[in-house]
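Structural characterization, general
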Amino acid sequence: MRIHWRSYATILVKYLKPQQAKVTLLIGLLFASTGLQLLSPRIIGNFIDNVTSGAAMPTLVRLALFFLGVALLGYLVKLAETYVSEDVGWTATNALRTDLTNHCLQLDLAFHNAHTPGELIERVDGDVSQLAHFFAQLVVQVLGQVLLMIGILVVLCFEAWQIGFAFTLFAVTALFILLRLRNFATQQMKDEREASAALFGFLEERLGGTEDLRANGATAYTM
């Protein structure tokens, strides 16, 4: 069953809304990190221009120190960005775990007879942990890299529009191909999570029934 992207957006807004301050801070850190990454090459370019033009040593030292300061600040911003994204991701998914647990406890006995406790645990905790990891990676890597790519393309267009246009065309083409290929990975990921849930359900049942299995000599059969 396909779920419309608006359903995902609704869920995302529901669990991120209580963390508006942190989300705003995270967005600010993303833009700051991108700006610092775009600034570093400009400083290096300025340094090279000053070297080739025979600038005085104090000027070169100031540029070098400025570059080191920007690089250090960039690492600190990236560290803060990673911390905040993990914090937001885990806080949101912990709330989702609570809601899922409450939902499972209210389901009828027919559902629980068809699904083992181990399977439900893997769904509530394992799947949601994957969501937390995905959210953190999405913000820090995907969105961060998209912002950086846009910034690089803008800078290239100002430096030499022909090169900027060529790289923009390449980026759009690559993005189109990736979007077309994502459906293949989606089904594989879905199958992997279902297999993991079935495995944990099997393990929970067998470990929970260890006394009966050993009493009846069924350990080898279970293995």
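Keep in mind the model is a prediction, meaning the values are calculated, not measured.

**Topic: the packing of helix H2 (residues 20–52) against helix H3 (residues 57–105)**
When two helices pack together, their arrangement is given by the angle between the helix axes and by the axis-to-axis distance. In the contact formed by H2 and H3, the axes pass within 8 Å of each other and the chain directions differ by 160 degrees. Taken together, the axis directions place H2 and H3 in an arrangement best described as roughly antiparallel. Regarding H2 and H3, the two cross each other, and that crossing is left-handed. Looking at the contact of H2 with H3 residue by residue, the class counts come to 23 nonpolar, nine polar and four charged.

**Describing H2**
Over its 33 residues, H2 runs 49 Å from end to end, which matches the ideal 48 Å to within 8%, given 1.5 Å per residue. The set of residues buried in H2 consists of Leu26, Leu29, Leu30, Ser33, Thr34, Leu36, Ser40, Ile43 and Asn50.

**Remarks on the side chain of Glu81**
Here Glu81 is to be found in helix H3. Residue class for Glu81 comes out buried when judged on its relative accessible area of 0%. If near-sequence neighbours (up to four positions away) are discounted, Glu81 is found in contact with Leu26, Leu29, Leu30, Ser33 and Val140.

**Some points on the nonpolar core**
Counting 14 residues, the largest nonpolar core has Leu16, Val84 and Val88 as its most contacted members. Here this core takes six residues from H3, the largest share from any one element. Beyond its immediate stretch of four places on either side in the chain, Leu16 contacts Val23, Val88, Ala92 and Phe135.

**Let's talk about the side chain of Asn50**
Here Asn50 lies in helix H2. Discounting chain neighbours no more than four positions away, the residues touching Asn50 are Ala55, Thr59, Leu60 and Leu63.

**Focus: the pattern of salt bridges**
Counted under the stated rule, the structure contains five salt bridges. Of the charged contacts, one joins Arg42 and Glu159 as a salt bridge, the two residues approaching to 2.4 Å between their closest N and O atoms. Pair noted here: Arg42 is in helix H2 and Glu159 is in helix H5 (residues 117–159), with a separation of 117 residues, a long-range link. Residue Arg42 is classed as partly exposed on the basis of its relative accessible area of 46%.

Quick notes on the rules
- Residues numbered from 1 in each chain as written.
- Predicted model: local features only at pLDDT ≥ 70, side-chain atom pairs only at ≥ 80, totals over all residues.
- Heavy atoms only, no water.
- Axes fitted to C-alpha atoms, helices over the stretch in contact; angles between N-to-C directions.
- Helix = DSSP H or I, 4+ residues; strand = E, 2+ residues; numbered from the N terminus.
- Parallel < 35°, antiparallel > 145°, perpendicular 65-115°, else oblique.
- Left-handed = near helix turned anticlockwise from the far one by under 90°.
- Nonpolar A, V, L, I, M, F, W, Y, C, P; charged D, E, K, R; others polar.
- Expected span 1.5 Å × (residues − 1).
- Buried < 20%, exposed > 50% of the residue type's maximum accessible area, 1.4 Å probe, protein only.
- Contact = heavy atoms within 4.5 Å.
- Core = buried A, V, L, I, M, F, W, Y, C linked by side-chain atoms within 4.5 Å.
- Salt bridge = Lys/Arg side-chain N within 4 Å of Asp/Glu carboxyl O.

Read these as layout, nothing more, since geometry by itself doesn't imply function.
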